[in-house]
Amino acid sequence: MPGAKSLLETAEDKVMQQLSKAIEGYNSTAAFSCGGTVPIDIRSTTRYGDFTSAKTPITSPPVTIRWDDQNGNVTGKIQFPVLPGKEAALEKLVKSCQPATFGFGGGNVLDEKIRKAGKLDVSEFSTSFNPYDYGVVDAVAQALLPGIARPEGVDKVGNGANSQHWGVVAELYKLNAYSAPSDKFKPHVDTPRGFTQFGSLVVSLPNPHAGGVLRVAHKGVERYFDLGSNDAKTNSTIHWAAFYSDCEHEVLPVTSGHRITLTYQLYISEHIGGVVHPTFPTADPKLYPLYQSLKETLESPGFMKQGGMLGFHCAHQYAHTNNTANQRLPHALKGIDVVIYTIFKSLGLETQVRPVLDHEFNEDWADWSDVHFNELEYERSAKDFTRALPEFQEIVIIGEPGFEPGFPPRDFELATHWGKYDLFKHVKWLDQGDKRNNEVAMAFQTWYGNEHETGWWYSFAAILVCVPPFAKRNLEGDVESSSMEEKD
Ligand SMILES: O=C(O)CCC(=O)C(=O)O
Ligand SMILES: [Fe+2]
């Protein structure tokens, strides 16, 4: 029968369907948790610089815990793995723990049928283990963040909030001790603390025990994390597991030894620590060496007396002819670009990162049909104009002869494809710009007789600063710096 599929093709279709189903399923369910290990090496020489070289496996030195007694005095210190002869310290640690409660109906409940374990609050111990050091937090962010629906309220943190710049913050919460013969935690869902908490991280310190497997379930899919197994080579391993807050999970009974865990709350953050964070920038723009000279320039009456626009070609390359650039910028600015941007913003000036059409396109453009057209005059004035698109956009490709053959599109046609853009006269550019950072913003066809050629217009990412007239310039940095001087 013509058009009928061969057996082979039908079989292939089936496999394809299964595969896409599996991927679909993975997307919706299986990425609810992740886990991994960090081998312990007593002589660990892992340094931050080694992380990218991949020459040596990442290892952790033994983990130290110090803890307090009930009066808040430092009472003990222990290393994991516990060295032979130091077992008494481990028993002391377990004894120092208080019975662990669990959240229920808005309060904390103690019920050993549901949870039997010991705990130290975060104020009662300190640890040398830091999940950021071993890429654990990065791995969690990579595996779990993409699946998170944006928590309601994150947008309200400030403008510029976007998923491209979500970060993960792991906050140490408790030390837990689950001991033989039967400590456990029955199936439960953790109580999220605040709308930005999206999950939990459990780090199991290297200590021999049996049982205590962590079971995590989500939409009917289950995963078991045996946090007690040991690396064959190093014989001691830190295990970790992370999962979404809405996952049911349980700790199966510990049948021998002590299972000592550190638990962390995982929060989604708007890139806390990012220098362009809308509300809490980490870096103080006043401390950039450039701050003072830019401020003084703006304070001098002779500088842009009538006000106007300052421009800076971004010095670094950003893929900007796409829609996602609006989410990445200004957060993703680097080096001098972020310095310039944050300084002007901190001075209270309206500062934007926008795509600007390269001047050269103006030179090509000419209304040749206009009898009054003066090419030289045009070229001179064209350099005085800056066309800034309202936002970053995908490259525009004009294939059809939708405009008069022989001419590149004119301003009104540009507006059709790019939306309304601003035409600024006499932007004062702080730098020359590097053409290598330009990207094609629009491609079009021009006809010369029977020949047609492809033309391109380029754009670059620029920082545009609106400078008010001198009389109205009220630089915000003034207020703070003068009050700081008074204190000194
Ligand atoms: O220790 C674990 O594996 C998980 C403990 C737990 O579920 C919790 O602390 O809420
Ligand atoms: Fe839990």
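All of these numbers come straight from a predicted model, not from anything done at the bench. In this numbering scheme, every chain counts its residues from 1 along its sequence in written order. In the order they appear in the text, chains get letters beginning with A and ligands get numbers beginning with 1. Local features in a predicted model are, by the rule used here, given only for residues with pLDDT of at least 70; side-chain atom pairs are given and counted only at 80 or more, and totals for whole chains, interfaces and linings are based on all residues. With hydrogens and water excluded, all non-hydrogen atoms of the structure serve as input to the side-chain values.

## Concerning the coordination of the iron ion (ligand 2)
Consideration 1: Donors, by definition, are the N, O and S atoms found within 2.8 Å of a metal, the threshold being 3.2 Å for Na, K and Ca, and water is not counted, so a site can look incomplete. Those protein atoms acting as donors to the iron ion (ligand 2) are His 188 (NE2), Asp 190 (OD) and His 249 (NE2), and they sit at 2.1 Å.
Consideration 2: All donors to the iron ion (ligand 2) come from one chain, and their sequence spacing reads H-x1-D-x58-H.
Consideration 3: You can call His 188 buried: its relative accessible area is 14%.
Consideration 4: Accessibility here uses a 1.4 Å probe with only protein chains present; expressed as a share of the type maximum, an area under 20% marks a residue as buried, one over 50% as exposed, and anything in between as partly exposed. The class of Asp 190 is partly exposed, set by a relative accessible area of 23%.

## Observations regarding the pattern of salt bridges
Consideration 1: When a carboxyl oxygen of Asp or Glu is within 4 Å of a side-chain nitrogen of Lys or Arg, the pair counts as a salt bridge. Inspection of the entire model under this criterion finds eleven salt bridges.
Consideration 2: A salt bridge links Lys 174 to Asp 121, with the shortest nitrogen-to-oxygen separation between them at 2.7 Å. Taken together, the positions of Lys 174 in strand E10 (residues 167-179) and Asp 121 in strand E8 (residues 118-121) put the pair 53 residues apart, joining distant regions of the chain.
Consideration 3: A residue is classified by how much of its surface remains accessible, and Lys 174, at 18% relative accessible area, is buried.
Consideration 4: On the basis of relative accessibility, which here comes to 23%, the residue Asp 121 falls in the partly exposed class.
Consideration 5: The salt bridge partner of Arg 354 is Asp 422, with a shortest N-O separation of 2.8 Å. In this pair, Arg 354 is assigned in strand E20 (residues 350-357) and Asp 422 in strand E23 (residues 422-425), connecting sequence segments 68 residues apart.
Consideration 6: Taking the relative accessible area as the measure of exposure, Asp 422 reaches 32% and is therefore partly exposed.
Consideration 7: Within the structure, one salt-bridge network assembled from shared partners comprises Arg 215, Glu 222, Glu 248 and Glu 250. Helix numbers and strand numbers start at the N terminus; a helix is a DSSP run of H or I with at least 4 residues, a strand a run of E with at least 2.

## Quick look at empty space enclosed by the protein
A probe as big as a water molecule, rolled over the atoms, marks out the empty space that is left.
Consideration 1: For each structure, a 1 Å grid was placed over the protein atoms alone; sets of points admitting a 1.4 Å probe that cannot get out are labelled cavities, open sets with protein on both sides within 12 Å along at least five of seven lines are labelled pockets, and lining residues have an atom within 4 Å of a point. Grid points are joined across faces, edges and corners, and a volume is the space filled by probe spheres set on the points. In this structure the tally under the stated criterion is three cavities of 30 Å³ or more.
Consideration 2: Reported here for the largest cavity is a volume of approximately 60 Å³.
Consideration 3: In terms of lining, the largest cavity is formed by His 313, Cys 314, His 316, Gln 317, Tyr 318, His 320, Gly 433, Asp 434, Asn 437, Asn 438, Phe 460 and Ala 461.
Consideration 4: Of the residues that constitute the lining of the largest cavity, the class distribution is four nonpolar, seven polar and one charged.
Consideration 5: By volume, the second largest cavity is sized at about 50 Å³.
Consideration 6: Think of it as three bins: nonpolar holds Ala, Val, Leu, Ile, Met, Phe, Trp, Tyr, Cys and Pro, charged holds Asp, Glu, Lys and Arg, and polar takes everything else, Gly as well. Looking at the lining of the second largest cavity, its residues break down into five nonpolar, four polar and one charged.

All we've got here are geometric facts, nothing functional implied.
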